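This is what each chain is made of:
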Amino acid sequence: MKDPNEDTEWNDILRKKGILPPKEVPKDEEEEELALQQQSVVKTYEDMTLEELEDNEDEFGEDDEAAIEMYKQRRLAEWKATQMKNIFGEMVEISGQDYIKEVNEAGDGIWVVLHLYKPGIPLCTLINQHLSSLARKFPQTKFLKSISTTCIANYPDRNLPTVFVYLGGEMKAQYIGPLVFGGMNLKVDELEWRLAESGAVKTDLEENPRKQIEDKLMSSIRSSLPSGRDSDSEEDY
């Protein structure tokens, strides 16, 4: 009798007619094929968006439910992370009534930069311009501004400008008064560096830009001073 598992055209015809049983697959080959099918299914999960996973949920079997749920949670977390990165992007004016909601209740992991200012103070105007630029550069950080006396009653003008930095409603840094900011020569990257030191933004600056200015200033001062030899010659006269 011929082997029913033999690969012949006649046996294939008999299998199609149901006369011969399906060809037996060696156990090793069967396990390998099953593993490939499982990998294919997992890859399908990985390639799907959250919306696609939800739309195709009925097409997967009960055995796939745990894997589907895992990938749905992963896609949801990725979506939330993306939304968090682009949630702000501009500087917003608030009043004292907004303070609790916008600062104290900003949310876990949210950095808040609040500038207390008054119109007519040039340095306050300059810092508002710089912070507006930084708000666009760092949309994951919430940038706020408020007229000082509307936010804190009787706040003294001598303390302006004032910048407070918060994380999760807790104050992490404060910069109070014009001397802290170095006056009207303040550059936007200097303010960025200062906020980065507090943790409010993640800068790509490699070193404090203020240090470069100070180094150039010191170099200029040294070059203008008389050398030691010139000093000695003057004393001889």
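Look up a bit, the structure's there.
Every value quoted in this text rests on a predicted model; they were computed, and no experiment measured them. Just so you know, the residues in each chain are numbered from 1, in the order the chain's sequence is written. Only residues with pLDDT of at least 70 get local features here, since the model is predicted, and only at 80 or more are side-chain atom pairs given and counted; chain-wide, interface and lining totals rely on the full set of residues. To obtain the side-chain values, all non-hydrogen atoms of the structure were included, while hydrogens and water were left out.

(A) Focus on the overall build of the chain. The secondary structure content of the chain amounts to 11 helices and five strands. Contacts are residue-level and defined by heavy atoms, with any inter-residue pair within 4.5 Å sufficient. Restricting the contact set of the chain to residue pairs at least 6 apart, pairs at least 24 apart contribute 60%. To measure how exposed things are, a 1.4 Å probe is used in the Shrake-Rupley method; for residues, cover is taken only from the protein chains shown. Summed over all atoms, the accessible surface of the chain reaches about 16,400 Å², with 50% contributed by carbon and sulfur. Counting from the N terminus, the helices are DSSP H or I runs at least four residues long and the strands are E runs at least two residues long.

(B) Looking closely at the nonpolar core. With 22 residues, the main nonpolar core has Ile127, Leu131, Phe143, Phe181 and Leu195 as its most contacted residues. Among the secondary structure elements, those contributing two or more residues to this core are β2 (111–117), α6 (122–137), β4 (162–167), β5 (170–176) and α9 (188–198). Among the elements that take part in this core, α6 stands out by supplying six residues, more than any other. Residues contacting Phe181, with those up to four places away along its chain left out, are Leu123, Ile127, Pro161, Val163, Tyr175, Leu186, Leu191 and Arg194. As used here, the term nonpolar core means buried Ala, Val, Leu, Ile, Met, Phe, Trp, Tyr and Cys residues forming a set that is joined through side-chain atoms within 4.5 Å. Think of it in three bands: with a 1.4 Å probe and only protein chains considered, a residue is buried below 20% of the maximum accessible area for its type, exposed above 50%, and partly exposed in between. Leu116, Cys124, Leu144 and Cys151 belong to the second largest nonpolar core, which has 15 residues in total.

(C) The arrangement of the sheet that holds β5 in detail. An order of β1-β3-β2-β4-β5 is seen for the five strands of this open sheet, with the pairing classed as mixed. Single-partner strands in this sheet number two, and they are β1 (91–93) and β5. In this sheet, adjacent strand axes meet at a mean angle of 20 degrees when their direction is disregarded. One requirement defines pairing of two strands: DSSP has to find at least two bridges between them. Judged from the three bridges that link them, β1 and strand β3 (residues 142–147) form a sheet pairing that is parallel. Bridge pairing in β3 places Val92 opposite Leu144. Axes here refer to lines fitted to C-alpha atoms; in helices the fit is confined to the stretch in contact. Angles between the N-to-C directions go from 0 to 180 degrees. Contacts from α6 reach β1, β2, β3 and β4, with the element oriented near 160 degrees to β2.

(D) Structural view of the packing of aromatic side chains. When the centres of two rings from Phe, Tyr and Trp lie within 6.5 Å, Trp using its six-membered ring, the rings pair. Their planes under 30 degrees apart give stacked, over 60 give edge-to-face, and anything left gives tilted. Summed over the entire model, instances satisfying the criterion amount to three aromatic pairs. Here Phe164 and Tyr166 contribute two aromatic rings whose centre-to-centre distance is 6.3 Å and whose plane-to-plane angle is 70 degrees, an arrangement assigned as edge-to-face. Comparing Phe164 with Tyr166, the two get one shared label, buried. Each member of the aromatic cluster is reached from another via a ring pair, and the members are Tyr99, Phe164 and Tyr166.

(E) View of the environment of Thr125. Among the structural elements, Thr125 can be located in helix α6. Each C-alpha atom of the pair Thr125 and Pro161 lies 9.2 Å from the other, and the pair is 36 residues apart in sequence.

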